[in-house]
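Below are the chains, spelled out letter by letter.
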Amino acid sequence: MDKFFDFSFSTDVLEHIPTEYVRDVIEEIGRITKVKTFHYISTKPAVTTYKGEQVHLTVKPPEWWEEMFMLSGIDHELKFW
């Protein structure tokens, strides 16, 4: 259902999405969120790996993430580490 949740939130999730899907994921977050969305996003490679592979698939600076949310027109608040 569209705009089902007043607010949405994630912590240490979005950087695990492959870069080519980030925009689609953000648009889906916007589709289900009525008021505002909040996200904590890592901007650094993960300290650990899984089977020798990097688990942070989208390592981008805060400005890149901010632009992705702005392009989708979603009221948001982002925090980075």
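This write-up is about the structure you can find in this document. Every chain's residues receive numbers from 1 upward, in the order its sequence appears when written. The predicted origin of the model limits local features to residues at a pLDDT of at least 70 and limits the giving and counting of side-chain atom pairs to 80 or more, whereas totals for whole chains, interfaces and linings rest on all residues. Side-chain numbers here rest on the full set of heavy atoms in the structure, without hydrogens or water.

1. Quick word on the pattern of salt bridges
Two side chains bearing opposite charge may form a pair once their charged atoms approach each other closely. Short version of the rule: Each salt bridge in this description consists of a side-chain nitrogen of Lys or Arg and a carboxyl oxygen of Asp or Glu lying within 4 Å of one another. Each helix corresponds to a stretch of at least 4 residues labelled H or I by DSSP, and each strand to a stretch of at least 2 residues labelled E; elements are numbered beginning at the N terminus. Using a 1.4 Å probe on the protein chains alone, a residue whose accessible area is under 20% of its type maximum counts as buried, one over 50% counts as exposed, and one in between counts as partly exposed.
Evaluation of the coordinates by the stated rule reveals 6 salt bridges. Its salt-bridge partner being E28, residue R31 comes within 2.6 Å of it at the nearest N-O pair. Pair noted here: R31 and E28 are both in helix α1 (residues 19-32), with a separation of 3 residues, about one helical turn. The exposure class of E28 is partly exposed, given its relative accessible area of 38%. Measuring nitrogen to oxygen at the nearest pair gives 3.7 Å for the salt bridge that ties E77 to K36. Within this pair, whereas E77 is found in strand β5 (residues 76-80), its partner K36 is found in strand β2 (residues 33-41), the two being separated by 41 residues in sequence. Taking relative accessible area as the criterion, E77 reaches 32% and is therefore assigned partly exposed.

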